[in-house]
Amino acid sequence: MPRYALKVEYHGAPFVGWQRQKDQPSVQGAIEAALARLEPGEHTIAAAGRTDAGVHGLGQVAHCDLSRDWDPFRLSEALNYHLKPAPVAITACAAVAEDWHARFSALERRYLFRLLMRRAPATHDAGLVWQVPHRLNTDAMQSACRHLVGRHDFTTFRSTICQAASPVKTLDELTITEHDGVSGPEIRFFLRARSFLHNQVRSFVGTLERVGAERWTPEDVKTALEARDRAACGPVSPPQGLYLAGVGYPEDPFADEG
C-alpha cells in the first residue's frame, strides 16, 4: 500500500486535541473522515505528536496508507476539499517509503508559544495567544531558561497523567524573543527536543511567566527543577498560545514538494 506523509496545519480551538475520540471532534478524526471520502473504508493515520485540546498545529506531520497511487499534490487538494469547513489544512504531501513513520522516524519536535502582553481583550489574536495584562522581564526569563536546557529529570514539569516511561529528557533549545505583534507586544518561546513530556512546554511557560512578572527568580526555577516534584512547578499556561511548529527527520520528506 502506498504511504504518504502529510504536513498538517490546524486551529485547535474546536477540537478535543489531535487524537481521535469517540463522539468528540478531533484533528485526527477530521483527516480520517476526509480520507474515507477518497477511498471508502476505515483509515488510521499516525502523527509525530499528539497535541492537547486547544493546541494548534503549524507543522504537524502524519502519514497514511492508501490502496491506490495518488499524485501527492492531487491528494492534498482532495483532502483539503473534504476537510472544509474544519480549520484543518494539508499544506504539503509526499510519497514516502513503506517503513517511514511520522512518529518513529522523527528526530526532533519544535514548539512555539505566543504570549501577548496587553490589558485590552485580544480580538484578532483571540484564541491564538495567552494574554497577560502586564509587561514581563524577558532578560530574567531568558536567564531562567539556562537552567532548563540540557538533559534533566523533568518530573517537576510533567503532568501527573504523563505516560512516558521516564521523566528524563534532553531539551536542546529554549529561547525567548520579544516582538511587536499585530495585537501588541508579544513574547515568543521556541523549544526544540527529540520528544517532550505531557504538559512539559506549558509547564515551562507558566513557570517562566512568574519569573517575568518578578514573582520568581531565575534561581527559583533551578530549585523547582531539582525538586523533581510536580508540586514545585509554577502555574501551567493555557493551551491556546501553543503551536506544534515543526518536526525534523533525517531527510525532509517535503523537500521536493511545492
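Right above here is the structure, for reference.
A brief structural summary. Worth saying up front: this structure is predicted, and the values here are computed from it rather than measured.

**Quick word on the environment of Arg 151**
Along the polypeptide, Arg 151 turns up in strand E7 (residues 150-153). Look at Arg 151 and you get exposed, because its relative accessible area is 61%. When the C-alpha atoms of Arg 151 and Asp 172 are compared, they prove to be 8.3 Å apart, with 21 residues separating the residues in sequence. Once you skip the residues sitting within four places of it in the chain, Arg 151 turns out to touch Val 168, Lys 169 and Thr 170. At 3.5 Å, the side chain of Arg 151 and the side chain of Thr 170 are in polar contact.

**Digging into helix H5 (residues 218-227)**
Listing the buried residues of H5 in full gives Pro 218, Val 221, Ala 224 and Leu 225. Each buried residue of H5 lies within a common arc of 110 degrees when the element is viewed along its axis, so the set occupies one face. Turning to H5, the residues buried within the fold contact helix H3 (138-145), E7 and helix H4 (200-212). Two residues or fewer after H5 comes Arg 228, characterised by a positive phi angle close to 50 degrees.

**Quick look at H3**
For H3, the buried fraction is high: six of the eight residues fall into the buried class. Where H3 is concerned, the buried positions are Thr 138, Ala 140, Met 141, Ser 143, Ala 144 and Cys 145. At its buried positions, H3 is contacted by strand E8 (168-181), strand E9 (184-193), H4 and H5. A side-chain oxygen of the first residue of H3 lies 3.1 Å from the backbone nitrogen of Asp 139; this N-cap is Asn 137.

**Quick notes on the layout of surface pockets**
When its volume is computed, the largest pocket comes out at roughly 1,200 Å³. Along the walls of the largest pocket sit 39 residues, with Gly 49, Arg 50, Arg 103, Phe 196 and His 198 positioned nearest its centre. Contributing elements (two or more residues each) for the lining of the largest pocket: strand E2 (46-47), strand E5 (108-117) and H4. Looking at the lining of the largest pocket, the element that brings in the most residues is H4, giving three residues. Class assignment for the residues of the lining of the largest pocket results in 19 nonpolar, 13 polar and seven charged.

**Considerations on the pairing of E9**
Bridge count between E5 and E9: eight bridges; the pairing is antiparallel. In the sheet register, Phe 113 faces E9, and the bridge partner there is Phe 189. Bridge count between E8 and E9: ten bridges; the pairing is antiparallel. Bridge pairing links Leu 171 to Ala 193 in E9. Once E8 ends, the chain turns through two residues before running back antiparallel as E9.

**Some thoughts on the packing of aromatic side chains**
The full count for this structure, using the stated rule, is seven aromatic pairs. Geometrically, the ring pair formed by Phe 113 and Phe 189 is edge-to-face, given 6.1 Å between the ring centres and 85 degrees between the ring planes. Of this pair, Phe 113 sits in strand E5 while Phe 189 is found in strand E9, placing the two residues 76 residues apart along the sequence. Among the residues examined, Phe 113 registers a relative accessible area of 0% and is labelled buried. Note on Phe 189: relative accessible area 0%, which makes it buried.

**Quick word on the packing of helix H1 (residues 27-38) against helix H2 (residues 72-83)**
H2 packs onto H1 with a crossing angle of 115 degrees between their chain directions and a minimal axis gap of 9 Å. It follows that H1 is roughly perpendicular to H2 by the angle criterion. Along this stretch, H1 crosses H2, giving a crossing that reads as right-handed. In contact with Ala 30, Ile 31, Ala 34, Leu 35, Arg 37 and Leu 38 of H1, H2 contributes Leu 75, Ala 78, Leu 79, His 82 and Leu 83. Counted by class, the contact of H1 with H2 contains nine nonpolar, one polar and one charged residues.

Cut-offs applied
Residues numbered from 1 in each chain as written. Predicted model: local features only at pLDDT ≥ 70, side-chain atom pairs only at ≥ 80, totals over all residues. Heavy atoms only, no water. Helix = DSSP H or I, 4+ residues; strand = E, 2+ residues; numbered from the N terminus. Buried < 20%, exposed > 50% of the residue type's maximum accessible area, 1.4 Å probe, protein only. Contact = heavy atoms within 4.5 Å. Polar contact = N/O pair within 3.5 Å; in protein donor to acceptor, adjacent residues only side chain to side chain. Arc of directions from axis to C-beta. 1 Å grid on protein atoms, 1.4 Å probe; cavity = no way out; pocket = protein on both sides within 12 Å on 5 of 7 lines; lining within 4 Å. Points joined across faces, edges and corners; volume = space filled by probe spheres on them. Nonpolar A, V, L, I, M, F, W, Y, C, P; charged D, E, K, R; others polar. Pairing = 2+ DSSP bridges. Phe/Tyr/Trp six-rings, centres within 6.5 Å; stacked < 30°, edge-to-face > 60°. Axes fitted to C-alpha atoms, helices over the stretch in contact; angles between N-to-C directions. Parallel < 35°, antiparallel > 145°, perpendicular 65-115°, else oblique. Left-handed = near helix turned anticlockwise from the far one by under 90°.

Everything listed is a geometric property; what it means functionally is a separate question.
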